[in-house]
Amino acid sequence: GLPALYVDDGGNGELVGFGGLSFVGQEDAVPQLEKLADSYESFQHMIHVDSMEDVALRYLELAQEVLKM
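A few points on the structure. Given the structure is predicted, the values throughout are model-derived calculations rather than measurements.

**Things to note about the pattern of salt bridges**
Then, number 1: Scanning the entire structure with this criterion turns up two salt bridges.
Then, number 2: For K68, the salt bridge goes to E65, with nearest N and O atoms at 3.5 Å. Of this pair, K68 and E65 both sit in helix α4 (residues 52-68), three residues apart, roughly one helical turn.

Right under this line is the structure:
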């Protein structure tokens, strides 16, 4: 239930979704953290965690698509 402040790199944004904010460099981290703190409850309500079953099913679907190629 803790909103995330994360480095804008790789797949971090896809994992966090709307449950946090990204930053690019050190100068960007503090202002983004302040925004996150100011709207903490809003970000907290936007956190979505997939179940292990949902994740496993998506991997299975991906594997099936790859095998069709």
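**Considerations on the environment of V55**
Then, number 1: Inspection of the secondary structure assignment puts V55 in helix α4.
Then, number 2: Between the alpha carbons of V55 and E41 there is a distance of 26 Å; along the sequence they are 14 residues apart.

Criteria and thresholds
- Residues numbered from 1 in each chain as written.
- Predicted model: local features only at pLDDT ≥ 70, side-chain atom pairs only at ≥ 80, totals over all residues.
- Heavy atoms only, no water.
- Salt bridge = Lys/Arg side-chain N within 4 Å of Asp/Glu carboxyl O.
- Helix = DSSP H or I, 4+ residues; strand = E, 2+ residues; numbered from the N terminus.

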